[in-house]
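Reading the structure
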Amino acid sequence: MRVVSYNIQYGIGLDGRYDIARIADAVRGADVIALQEVSRNNPNNGGRDMVAELGEALPDYFFVYGANFEANMGSYLKAGRAVTTTFQFGNMILSKTPIQLSRNLLLPRSRSFEAMNFQRGALEALVETPLGYVRFYSIHLDHRGPLERARQIRFLRERVLGYPLEGGGISGLSEIGMPEPPTPEAFVLAGDFNMLHGAPEYIELAGTPDHEFGMPMTADLAVDAAVRLDAAGDDLVTWVDPLRPEDASRHKRIDYIFTSASLAASLKRYWVDRKAVGSDHMPVWLELG
């Protein structure tokens, strides 16, 4: 099973062009795809409906989309009927097999001044895989400050670890004669976390190495696939500053794939596609088996 995470920066590549085809080509072949910065009516890309375009470009995938906010973009009346036009910005999950259940988790945020900030989210999807049912999350955390990211991660951990108690998006379906959705322990957290390895908010999610025994492997912490599989070199760069692409100091790892400890033994291969140019981020791949 292959999973890929890609912040597609509303379709704008390192060359400043919008090209949905090259984004689709960069993720095609994965069993589960987690995308961030997917938009509708975004003034920065000419108002494209990226959800519809991605669905057309990847027609053999089932998908869910979670808009983290909607802002009016010129809604109007036409012949007595309201036409709603909103700027939407959020995350998307595509899967080769049907998505059984999903919900969009809106993460905590603080009102900002003098610098733009916006609602972030984690889109959750329950998918049946060769490894059994797994919960996949497409995540986009705050880019302005570690305290905000730490609050978001604490909230996210509560939802992810509390899933068996909360029941995801719906439960008690026997009341209407339907089977109860599974509540698997296994999860994959994929996305743009906007944090550096070893930062306080990273430790909040994945822990820190013990001086004797290394990284902890416990049910209450996520496993960083790159660390587990000893990634190095180019596979530790997921973002390049589009204004200074040749400056190595502006090459960072801020996109991650984490898994539950229960999936750690199934992690086989991790890599970053440094040839992809459809965004300022690079696709992050993980193979499990």
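Reading guide: rules and limits
- Residues numbered from 1 in each chain as written.
- Predicted model: local features only at pLDDT ≥ 70, side-chain atom pairs only at ≥ 80, totals over all residues.
- Heavy atoms only, no water.
- 1 Å grid on protein atoms, 1.4 Å probe; cavity = no way out; pocket = protein on both sides within 12 Å on 5 of 7 lines; lining within 4 Å.
- Points joined across faces, edges and corners; volume = space filled by probe spheres on them.
- Axes fitted to C-alpha atoms, helices over the stretch in contact; angles between N-to-C directions.
- Helix = DSSP H or I, 4+ residues; strand = E, 2+ residues; numbered from the N terminus.
- Parallel < 35°, antiparallel > 145°, perpendicular 65-115°, else oblique.
- Left-handed = near helix turned anticlockwise from the far one by under 90°.
- Contact = heavy atoms within 4.5 Å.
- Nonpolar A, V, L, I, M, F, W, Y, C, P; charged D, E, K, R; others polar.
- Core = buried A, V, L, I, M, F, W, Y, C linked by side-chain atoms within 4.5 Å.
- Buried < 20%, exposed > 50% of the residue type's maximum accessible area, 1.4 Å probe, protein only.
- Pairing = 2+ DSSP bridges.
- Right-handed = clockwise from strand over helix to strand, strands pointing away.
- Polar contact = N/O pair within 3.5 Å; in protein donor to acceptor, adjacent residues only side chain to side chain.

1. Notes on the layout of surface pockets
- Volume-wise, the largest pocket comes out at about 730 Å³.
- Lining the largest pocket are 28 residues, and of these Glu-37, Arg-120, His-140, His-143 and Asn-194 sit closest to its centre.

2. Things to note about the packing of helix α1 (residues 20–27) against helix α2 (residues 50–57)
- Where α1 contacts α2, the axes come no closer than 10 Å and their chain directions differ by 55°. As the angle between them shows, α1 and α2 are arranged oblique. Regarding α1 and α2, the two cross each other, and that crossing is right-handed. In this structure, α1 contributes Ile-20, Ile-23 and Ala-24 to the contact, and α2 contributes Met-50, Glu-53, Leu-54 and Ala-57.
- Of the residues assigned to the contact of α1 with α2, the class counts are six nonpolar, no polar and one charged.

3. Quick look at the nonpolar core
- If you look at the biggest cluster of nonpolar residues, it comprises 31 residues, and the most contacted ones within it are Ile-93, Phe-136, Val-188, Tyr-270, Leu-286 and Leu-288.
- At the level of secondary structure, the elements contributing two or more residues to this core comprise β2 (32–40), β8 (121–129), β9 (132–140), β10 (187–192), α6 (225–228), β15 (267–272) and β16 (284–288).
- Once residues lying within four places of it in the same chain are set aside, the contact partners of Leu-288 are Met-1, Val-3, Leu-131, Leu-263, Ser-266, Leu-267 and Lys-268.
- By size, the runner-up hydrophobic cluster in this structure holds 29 residues, among which are Tyr-18, Ala-26, Met-50 and Leu-58.

4. Regarding the pairing of β2
- The element β2 is largely enclosed, with a buried count of eight among its nine residues.
- Note: strand β1 (residues 2–7) against β2, five bridges, orientation parallel. Residue pairing for β2: Val-4 is matched across the bridge by Ile-33.
- In this view, the connection linking β1 to its parallel neighbour β2 by way of α1 has right-handed handedness.

5. Some remarks on the environment of Pro-98
- Topologically, Pro-98 is positioned in the loop between β6 (86–95) and β7 (99–106).
- Residues Pro-98 and Tyr-61, 37 residues apart in the sequence, show an inter-C-alpha distance of 8.3 Å.

6. Points about the side chain of Arg-103
- Relative to the assigned elements, Arg-103 resides in strand β7.
- Within polar-contact distance, the side chain of Arg-103 engages the side chain of Glu-166 at 3.5 Å.
- Once you skip the residues sitting within four places of it in the chain, Arg-103 turns out to touch Ala-122, Leu-123, Glu-124, Arg-159, Tyr-163, Glu-166, Gly-168 and Gly-169.

7. Overview of α2
- Among all positions in α2, only Met-50, Val-51, Glu-53, Leu-54 and Gly-55 are buried.
- The distance from a side-chain oxygen at the start of α2 to the backbone nitrogen of Val-51 is 3.3 Å, and the residue carrying that oxygen is Asp-49.

8. With respect to the sheet that holds β2
- Taken together, the six strands give an open sheet; going across it, the order is β3-β6-β2-β1-β16-β15, and neighbouring strands pair in mixed fashion. Whereas interior strands pair on both sides, the edge strands pair on one side only; in this sheet they are β3 (62–72) and β15. Shown here is a sheet whose adjacent strand axes are inclined to one another by a mean of 15°, direction ignored.
- Sheet topology places β3 next to β6; ten bridges connect them, and they run antiparallel. Pairing of Val-64 across the sheet is with Ile-93, part of β6.
- Running at roughly 150° to β1, α1 makes contact with β1, β2 and β16 of the sheet.
- Strands β2, β3 and β6 of the sheet are contacted by α2, whose axis makes an angle of about 145° with β2.

9. Some words on the sheet that holds β7
- Spatial strand order, β7-β8-β9-β10-β14-β11: six strands in an open sheet with mixed pairing. The open sheet has two edge strands with one neighbour each: β7 and β11 (223–224).
- Pairing of β7 with β8 involves seven bridges; the strand directions are antiparallel. Each residue of the ladder has a partner; that of Ser-102, found in β8, is Ala-125.
- In the packing of helix α3 (residues 146–161) onto the sheet, the strands contacted are β7, β8, β9 and β10, and the crossing angle to β7 comes to about 155°.

10. Some details on the pairing of β9
- In terms of residue burial, β9 counts as a mostly covered element, since seven of its nine residues are buried.
- In this structure, β8 lies alongside β9, joined through nine bridges in antiparallel fashion. Within β9, the position partnered with Glu-128 by the bridge is Tyr-133.
- Taking the residues between adjacent antiparallel strands as the criterion, β8 and β9 are bridged by two residues.
- Alignment of β9 against β10, held across six bridges, turns out to be parallel. Among the inter-strand pairings, Phe-136 is bridged to a residue of β10, identified as Val-188.

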